[in-house]
Amino acid sequence: MKLSIVDLGTVAPETTEKDALADALETTRHAEQRGFHRIWFAEHHLSRSGASHHPELLIAAAAMVTSEIRLGSGAVLMNHYSPFKVAEMFKQLEAMAPGRIDLGMGRATAGPVLDLALQQNRQNPAQADHQQQVLETLSWLYETFPDAHPFASHPLMATVPEVPQTWLLGSSPNGSNLAAGLGIGYTFAGFINPVGAAAALRHYRENFAPQGFGLESPRAILAVNVAVGDTTADGLHLANSPKGFYSRLSRAGRAAGSVVVPAPDEAAREMTQAEKDQPTTIVDGQWPRFVAGGPDDVRATLEQMIAESGADEVMIQNLIADPAARRHSHGLLAQAFGLTPRSVPRVETVNSVGTAR
């Protein structure tokens with residue numbers, strides 16, 4: 001089983017976004033060493049909880065401090081951008097790190113203010129057609145525009161034959177239909193919609209149809225929020241951070257962008273008993289929003305999710321507040337699943353105050 005990570009550039013309590021970006025690069029190096037298959041970076045704007053605002057920047061930086069792990073976006077929000085801009089950006093990243101780049105495409109609204117801020121035309125903002133946005137991006141990457149199309153015969157980078165892997169990210173059945181119909185990879189956000197995850201991934205696999213966009217058979221990832229501790233109790237304690245974060249979001253309303261990830265003890269003081277008691281294993285056939293516990297507990301839950309969904313790969317979202325505990329959780333999970341560590345050269349990164357580490 002392949003294991004991967006999606007990193008939000010989580011800002012630890014009492015630290016800055018500069019620290020979080022340095023931590024994201026350290027997490028990338030650690031993930032490569034521990035045998036993880038890929039790491040993706042999120043796109044969240046005006047959010048104090050995460051410093052990953054533009055995944056392309058972290059992908060480029062991570063490529064400079066790694067040599068084998070795949071790097072990608074989880075996801076580029078296509079409703080805000082030109083397909084040409086996205087395709088050319090990821091073609092250039094592929095040229096910089098051949099064979100290691102993933103273009104994960106999604107969509108999301110961040111509310112009327114931010115959505116307007118991201119628009120170039122404020123008078124007549126475009127009404128993005130998600131399917132058309134994704135298809136046009138693929139057409140640029142694979143040079144499949146019809147001969148009469150104005151974009152035909154305009155290769156992005158004629159001397160770079162490599163193409164990044166393409167993925168559609170979603171949390172509803174609509175995404176599984178689109179990914180299957182286009183014949184590209186599909187990633188389901190089980191931490192957003194655990195109830196619909198297994199059915200959506202099975203539907204994608206059953207309806208997959210190759211279209212010449214790099215895949216002849218389906219390729220599916222299940223994304224899950226996971227916290228692993230040395231013991232069951234340790235893992236459940238760490239899970240207070242993601243539980244507390246979503247609890248804060250539910251109460252924040254329009255101030256959601258100012259919410260930060262709490263330390264486990266702080267979260268425990270804030271949450272209701274019902275929030276604390278949210279399941280972290282599969283109960284009566286119902287998947288949890290958060291998977292947590294010791295290594296054996298978590299492995300058993302994830303293996304059941306894999307069996308029920310048919311996923312080829314599990315991608316770990318990790319909202320543990322402390323970055324060292326976050327990486328320790330990754331390491332315990334890698335060991336539990338028997339990932340093969342990589343021997344990679346030490347590459348110096350630069351921390352938030354400009355000194356090598």
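Structure: above.
Residues numbered from 1 in each chain as written. Predicted model: local features only at pLDDT ≥ 70, side-chain atom pairs only at ≥ 80, totals over all residues. Heavy atoms only, no water.

Novice: Give me the pairing of strand 7 (residues 185-189): which residues, what numbers.
Specialist: Within strand 7, five of the five residues are buried, which leaves the element mostly enclosed by the surrounding structure. With burial as the criterion, each face of strand 7 is covered, one bearing Gly185, Thr187 and Ala189 and the other bearing Tyr186 and Phe188. Strand direction decides the pairing type here: strand 6 (residues 165-170) and strand 7, joined by four bridges, are parallel. Paired with leucine 168 across the bridge in strand 7 is tyrosine 186. Two elements, strand 7 and strand 8 (residues 220-228), share four bridges in a ladder whose sense is parallel. When the bridges of strand 8 are listed, tyrosine 186 appears paired with alanine 220. A crossover links strand 7 with its parallel partner strand 8, the connecting element being helix 7 (residues 197-207), and its sense is right-handed. (Buried < 20%, exposed > 50% of the residue type's maximum accessible area, 1.4 Å probe, protein only. Helix = DSSP H or I, 4+ residues; strand = E, 2+ residues; numbered from the N terminus. Pairing = 2+ DSSP bridges. Right-handed = clockwise from strand over helix to strand, strands pointing away.)

Novice: Describe helix 9 (residues 240-252), and please don't skip the residues or the numbers.
Specialist: The terminal C-alpha atoms of helix 9 lie 18 Å apart, and with 13 residues this matches the ideal 18 Å at 1.5 Å per residue to within 8%. Tucked inside the fold, the buried residues of helix 9 contact strand 8, helix 8 (232-238), helix 10 (264-270), helix 11 (273-276), strand 9 (290-293) and strand 10 (313-317). Once helix 9 ends, the next one or two residues include glycine 253, with phi positive near 60°. (Expected span 1.5 Å × (residues − 1). Contact = heavy atoms within 4.5 Å.)

Novice: Describe helix 7, and please don't skip the residues or the numbers.
Specialist: Listing the buried residues of helix 7 in full gives Ala197, Ala198, Ala200, Leu201 and Tyr204. Looking at the packing, one finds that the buried side of helix 7 touches helix 6 (173-182), strand 7, strand 8 and helix 12 (295-309).

Novice: Would you mind going over unusual backbone geometry in detail, with residue names and values included?
Specialist: With omega at 15°, the peptide bond leading from glycine 74 into alanine 75 counts as cis. Along the polypeptide, alanine 75 turns up in the loop between strand 3 (70-73) and strand 4 (76-77). In this structure, leucine 46 is a non-glycine residue whose phi angle is positive, near 50°. Judged by relative accessible area, which is 68%, leucine 46 ranks as exposed. Its identity as a non-glycine residue notwithstanding, serine 153 has a phi of 65°, on the positive side. The residue serine 153 is located in the loop between helix 5 (130-142) and strand 6 in this model.

Novice: Outline the packing of aromatic side chains, listing residues and values.
Specialist: In the structure shown here, the tally under the stated rule is 11 aromatic pairs. Considering the side-chain rings of tryptophan 40 and tryptophan 167, the 5.7 Å spacing of their centres and the 70° angle between planes classify their relative orientation as edge-to-face. Here the residue tryptophan 40 occupies a position in strand 2 (residues 38-41), and tryptophan 167 occupies one in strand 6, the gap between them amounting to 127 residues. Pair check on accessibility: tryptophan 40 and tryptophan 167 agree, each one buried. Between phenylalanine 145 and phenylalanine 151, the aromatic rings sit 5.5 Å apart at their centres with planes inclined by 75°, giving edge-to-face as the arrangement. An aromatic cluster is built from Phe84, Trp140, Phe145 and Phe151, whose rings are joined through pairwise contacts. The side chain of arginine 289 reaches across the aromatic face of tyrosine 246, ending 4.1 Å from its centre. (Phe/Tyr/Trp six-rings, centres within 6.5 Å; stacked < 30°, edge-to-face > 60°. Lys NZ or Arg CZ within 6 Å of the ring centre and 35° of its normal.)

Novice: Requested: an account of the environment of leucine 249, with residues and values cited.
Specialist: With respect to the secondary-structure elements, leucine 249 resides in helix 9. For the pair formed by leucine 249 and valine 259, sequence separation is 10 residues and the distance between their alpha carbons is 6.6 Å. The contact partners of leucine 249, leaving out residues within four places of it in the chain, are Ala256 and Val259.

Novice: Report on the pattern of salt bridges, specifying residues and quantitative values.
Specialist: Considering all chains together, one arrives at 10 salt bridges under this definition. In this structure, arginine 299 and glutamate 303 form a salt bridge, with 2.6 Å as the shortest nitrogen-oxygen distance. Residue arginine 299 and its partner glutamate 303 are both found in helix 12; the two are separated by four residues, about one turn of the helix. On the basis of relative accessible area, arginine 299 is assigned to the partly exposed category, the value being 31%. Relative accessible area serves as the criterion here: at 35%, glutamate 303 is assigned to the partly exposed category. Salt bridges linked by common partners bring Arg38, Arg70, Asp102 and Glu313 together as one network. (Salt bridge = Lys/Arg side-chain N within 4 Å of Asp/Glu carboxyl O.)

Novice: Pulling in residues and values, what's your account of the packing of helix 6 against helix 7?
Specialist: At a closest axis distance of 8 Å, the pairing of helix 6 and helix 7 adopts a crossing angle of 20°. Of the possible angle classes, the one that applies to helix 6 and helix 7 is roughly parallel. Crossing geometry of helix 6 relative to helix 7 is assigned as right-handed. Contacts between helix 6 and helix 7 involve Ser176, Asn177, Ala179 and Ala180 on the former and, on the latter, Ala200, His203, Tyr204 and Asn207. Each residue belonging to the contact of helix 6 with helix 7 can be placed in one class, and the counts come to four nonpolar, four polar and no charged. (Axes fitted to C-alpha atoms, helices over the stretch in contact; angles between N-to-C directions. Parallel < 35°, antiparallel > 145°, perpendicular 65-115°, else oblique. Left-handed = near helix turned anticlockwise from the far one by under 90°. Nonpolar A, V, L, I, M, F, W, Y, C, P; charged D, E, K, R; others polar.)

Novice: Which residues make up the nonpolar core, and what values go with them?
Specialist: One finds Ile184, Val226, Leu302 and Leu333 to be the most contacted residues of the largest nonpolar core, which totals 67 residues. With sequence-adjacent residues up to four places away left out, leucine 333 is seen in contact with Leu3, Val226, Val228, Val298, Leu302 and Ile316. Grouped together as the second largest cluster of nonpolar side chains are 17 residues, Val6, Trp40, Phe245 and Ala321 included. (Core = buried A, V, L, I, M, F, W, Y, C linked by side-chain atoms within 4.5 Å.)

Novice: Lay out the side chain of histidine 130 in plain terms, naming residues and giving numbers.
Specialist: Positionally, histidine 130 belongs in helix 5. Ignoring any residue separated from it by four or fewer positions in sequence, one finds histidine 130 in contact with Met78, Gly106, Arg107, Leu168 and Leu178.

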